[in-house]
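If you want the building blocks of each chain, they are given just below.
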Amino acid sequence: MPDLNWNIDTWNSTYDWSQYGEEWSYEWGSSISQWFSSIYPRIHNFLGSDKMVVEIAPGFGRWTKFLLSYCQDYRGFDISEQCIKFCQENFSQVKYAQFYLNDGTSLKPIPDNHCDFVFSFDSLVHVEIDIISKYIEEILRIINSNGVAFIHHSNWKETEKDYQNTHNRGKSVSAQEVRSIIEKSGGQVIIQEKINWGSSECIDCLTLFRKNLSPDLGNTIVLENPHFMEEAKLIRSFHEPYNRVQQSR
C-alpha cells in the first residue's frame, strides 16, 4: 500500500532519478511525444499565457517544462526535498515559477479562489483515498470560478482484480469514489476517463473537475479507454523517426 511515508521515502531517498522521470514516458518514446499527443490535447482549452497553474508532485519537472509555456504564474508542490531542490535549480531562470516542499496534502501558500488550473499527472496514482480526499478539498479551495483541475489517479479498487500491483497504485481509490468526494466537497466532475496502464484493465483514471457553480453544466461524461497504452505504442512508432532527425543548420 503506497501510503504517505512510502511516497516520501521512495521519491526523496530510494528512487533513482538519473533519467529525470523520462523512463515513465518510454512507451510514448519521450515526454515530448507523450505531452503533445496524449496530455496536451486533453487540457489545451484550460491553458493560457495569463493563467496561474498549480502542479501537484512535479518530480523532476517532466511536465513542468511544458506547463511553464502556458501560464504567467506557476507553483509546484512536492513531498520530496530532492525533487523541489532540482526544480528550483533547473527552472531558476523562470521568475514566475515557485516550488514548495509540502506535507503531501496541503496547498496552503495559495490563497482561496486564486488558481486557474491545477494539474497532476503520473503522481497521485501512488496515493490512497485519504490523500486524494485532502487534495480535492485543497484544489476546490484554491481554484477560481472559472478554474478547473485535471488529475491522474488510481482506479485500482474498481478493477477488483487479484493481480500484482507492480505500478504501486493506490488500492483504495476508484473513479466513483473520487467523483463522490468531489461532489460532497462542493465540486462538479466534468469528465472521467478510465484508462489502462501496463495492463489490460483500466487501473487508472483521468478526472477533470471544477467548483459546482453551474448546475446547468450537464451530466458527467464517463469514458472507458482500455486502449490508452496501445495509443502510446502507436505514437512512439510514428514519432520516433521524426524525433531522431536533426534540423540542418
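As a starting point, this report considers the structure included with it. The structure presented is a predicted model; accordingly, all values stated were derived computationally and were not measured. (Residues numbered from 1 in each chain as written. Predicted model: local features only at pLDDT ≥ 70, side-chain atom pairs only at ≥ 80, totals over all residues. Heavy atoms only, no water.)

## Section: the layout of surface pockets
Taken as a whole, the largest pocket encloses approximately 660 Å³ of empty space. Lining the largest pocket are 48 residues; nearest its centre among them are Trp 11, Trp 24, Asp 122, Ser 123 and His 126. Element by element, the count of residues in the lining of the largest pocket is highest for helix H1 (residues 4-14), at five residues. Residue composition of the lining of the largest pocket, by class: 25 nonpolar, 14 polar and nine charged. (1 Å grid on protein atoms, 1.4 Å probe; cavity = no way out; pocket = protein on both sides within 12 Å on 5 of 7 lines; lining within 4 Å. Points joined across faces, edges and corners; volume = space filled by probe spheres on them. Helix = DSSP H or I, 4+ residues; strand = E, 2+ residues; numbered from the N terminus. Nonpolar A, V, L, I, M, F, W, Y, C, P; charged D, E, K, R; others polar.)

## Digging into the nonpolar core
By size, the foremost hydrophobic cluster in this structure holds 33 residues, and its most contacted members are Trp 35, Phe 119 and Phe 121. Contact partners of Trp 35, with chain neighbours within four places excluded, come to Tyr 40, Pro 41, Ile 43, Leu 47, Trp 63, Phe 66, Leu 67, Tyr 70 and Phe 119. Counting residues in each nonpolar core, the second largest holds 28 residues, with Val 118, Ile 129, Ile 139 and Ile 142 among its members. (Core = buried A, V, L, I, M, F, W, Y, C linked by side-chain atoms within 4.5 Å. Buried < 20%, exposed > 50% of the residue type's maximum accessible area, 1.4 Å probe, protein only. Contact = heavy atoms within 4.5 Å.)

## Description of helix H2 (residues 31-43)
Helix length check: H2, at 13 residues, gives a terminal C-alpha distance of 16 Å against a target of 18 Å (1.5 Å per residue), a shortfall beyond 12%. Its axis deflected by about 30° at Ser 37, H2 carries its strongest bend there, up to four residues before the proline Pro 41. Buried residues of H2: Ser 31, Ser 33, Gln 34, Trp 35, Ser 37, Ser 38, Ile 39 and Ile 43, and no others. (Expected span 1.5 Å × (residues − 1). Bend = angle between axes of the 7 residues up to and from the residue.)

## Quick look at the pattern of salt bridges
Per the counting criterion, the structure on display carries 12 salt bridges. Here Arg 75 ties to Asp 73 by a salt bridge, and the two come within 2.9 Å at their closest N and O atoms. Judged by its relative accessible area of 12%, Arg 75 is buried. Here Glu 183 and Arg 179 are joined by a salt bridge, their closest N and O atoms 3.0 Å apart. You can see Glu 183 and its partner Arg 179 sitting in helix H7 (residues 175-184), four residues apart, about one turn around the helix. When its relative accessible area of 39% is taken as the criterion, Glu 183 is described as partly exposed. Through salt bridges with shared partners, a single ionic network connects Asp 112, Glu 138 and Arg 141. (Salt bridge = Lys/Arg side-chain N within 4 Å of Asp/Glu carboxyl O.)

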